[in-house]
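Tertiary structure, described
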Amino acid sequence: MKRLTNTLYITTQGSYLAREGETVKVRVKNDTKIRVPIHTLGNIICFGQVSCSPFLMGLCAERGVGLSFLSKQGRFLARVQGPTNGNVLLRRAHYRLAEAEEAAADIARGIVAAKAANCRNVLLRAQRDNPGSDHSAMIAQAADKLKERIKVLRHPMSLDAVRGVEGDSARIYFGVFDHLITGDKNAFYFRQRIRRPPLDNVNALLSFLYTILAHDVRSALESFGLDSAVGFLHCDRPGRPGLALDLMEELRPHVVDRLVLSLINRRQIKGSGFQTTESGAVHMNDETRKEVIVAYQNRKQETLEHPFLDETVPIGLLPFVQAQLMARFIRGELDAYPPFFWR
């Protein structure tokens, strides 16, 4: 199992990354800010105007360290890709499985069931934490509706039907998401999921952290030799990591949504840390972005009991655990892919 290596986040604008022997050197205006040994890193994520030497790119590709470039607001731009890991037989089996609609629908059905169950657990946890809430009945009703959708997913159905249940479950969940927010309601409120661009502070937080989680899942899949672009639930589209988005669905409620609610409800971030552009898009300022990244890194260090492995696993390794289980299933070592159900 891959150990939980560090992710180096570069947010300072104008930074330049270079190779110095076996280390990554970060310079800002000819002033060296930090040196990090390459063997301690799993990923490097650069936000905004950050440049990198070709020699460091080569070192990252050689050592399997993911190197990604995002906009300052967290929109994915590009990723440096080294040689493909894994064997061709695994990838060919992956492609055949994705093209078999019935098999793809079964895998997608399990993923959506796990997502719905994990969303339901977020609602139930919030209800237990705030038993006297005015919205407790609405949250309980949404949890019951998600339970019904999970029951529906126990039966075989077409891929389009699975996608329909997934969309319906998301509407139910996000329909009461605002009731889970107990912090500064003037600054943090949620009406609906808005992605491109986010038009409120909560959507800005969700989109930013979903992008980072997608990066982590994509890196995990590629480390086990799978093609992150070929999904089962998400159809193929140029430039879209379909399989990474598939596996991310089951992880989002526990890894990201609970973190967003915690940051807001514990007042760890403030409304003043967000800015609205002339177009209406909402972005975090530099200080808030750094706070969120630190909180995400701390979240990855927390542990839980994995429901399939029955082992204690750091949350940061969940993408690698699920990627490994997916690879084992595709190779025929498991009868079915076991999605992540948060208990």
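Summary of the structure given here.

Counting secondary structure elements, the chain contains 9 helices and 12 strands. Counting only C-alpha atoms and orienting by the principal axes, one finds that the chain spans roughly 60 × 55 × 40 Å. Scored against the burial criterion, the 343 residues of the chain give a buried share of 54%. Pairs at least 24 apart in sequence give 62% of the contacts found in the chain among residues at least 6 apart. The distance from the centre of the 47 positive side-chain charges to the centre of the 36 negative ones in the chain is 3 Å.

Okay, the pattern of salt bridges next. For the structure shown, the criterion picks out 22 salt bridges. Close ionic contact of Lys115 with Glu166 constitutes a salt bridge, the shortest N to O distance being 2.4 Å. With a gap of 51 residues between them, Lys115 in helix H3 (residues 101-129) and Glu166 in helix H5 (residues 159-175) connect regions that are remote in the sequence. Judged by relative accessible area, Glu166 falls into the buried class, the value being 17%. Each of the salt bridges in this network shares a partner with another, and the network as a whole consists of Arg19, Glu22, Glu62 and Arg63.

What follows covers the state of the cysteines. Under the defined criterion, the tally for this structure stands at 0 disulfides. No disulfide involves Cys60; its nearest neighbouring cysteine sulfur is the one of Cys52, lying 6.1 Å away. With relative accessibility at 1%, the residue Cys60 sits in the buried group.

Bringing helix H7 (residues 242-265) into the picture now. Over its 24 residues, H7 extends 32 Å from the first C-alpha to the last, a length consistent with the 34 Å expected when each residue adds 1.5 Å. Along its length, H7 shows its largest kink, about 65 degrees, at Leu251, and proline Pro253 lies within four residues downstream of that point. Counting buried positions along H7 gives 21 out of 24 residues, so the element sits mostly inside the fold. Note on H7: the residue one or two positions beyond its end, Arg267, has a positive phi of about 55 degrees.

Moving on to the packing of aromatic side chains. The geometry of an aromatic ring pair is captured by the separation of the ring centres together with the interplanar angle, meaning the angle of the planes. The tally for this structure, following the rule as stated, stands at 8 aromatic pairs. Ring geometry for Tyr9 against Phe47: centres 6.5 Å apart, planes inclined by 25 degrees, an arrangement best described as stacked. Of this pair, Tyr9 sits in strand S1 (residues 6-10) while Phe47 sits in strand S5 (residues 41-47), placing them 38 residues apart in sequence. The pair Tyr9 / Phe47 is uniform in exposure class, with both members buried. Relative to Phe190, the ring of Phe177 has its centre 5.3 Å away and its plane inclined at 65 degrees; by these criteria the two rings are edge-to-face. On the criterion of sequence distance, the pair formed by Phe177 in the loop between H5 and helix H6 (201-223) and Phe190 in the loop between H5 and H6 is long-range, its members being 13 residues apart. Residue Phe190 is classed as buried on the basis of its relative accessible area, which comes to 3%. Counting every residue linked through ring pairs, the aromatic cluster contains Tyr173, Phe174, Phe177 and Phe190. Above the plane of the ring of Tyr210 lies Arg252, whose end atom (NZ or CZ) is 4.5 Å from the centre.

Basis of the calculations
- Residues numbered from 1 in each chain as written.
- Predicted model: local features only at pLDDT ≥ 70, side-chain atom pairs only at ≥ 80, totals over all residues.
- Heavy atoms only, no water.
- Helix = DSSP H or I, 4+ residues; strand = E, 2+ residues; numbered from the N terminus.
- Buried < 20%, exposed > 50% of the residue type's maximum accessible area, 1.4 Å probe, protein only.
- Contact = heavy atoms within 4.5 Å.
- Lys, Arg positive; Asp, Glu negative; His and termini not counted.
- Charge placed at Lys NZ, Arg CZ, Asp CG, Glu CD.
- Salt bridge = Lys/Arg side-chain N within 4 Å of Asp/Glu carboxyl O.
- Disulfide = S-S within 2.5 Å.
- Expected span 1.5 Å × (residues − 1).
- Bend = angle between axes of the 7 residues up to and from the residue.
- Phe/Tyr/Trp six-rings, centres within 6.5 Å; stacked < 30°, edge-to-face > 60°.
- Lys NZ or Arg CZ within 6 Å of the ring centre and 35° of its normal.

Keep in mind that these numbers describe shape and distance, not what the molecule does.
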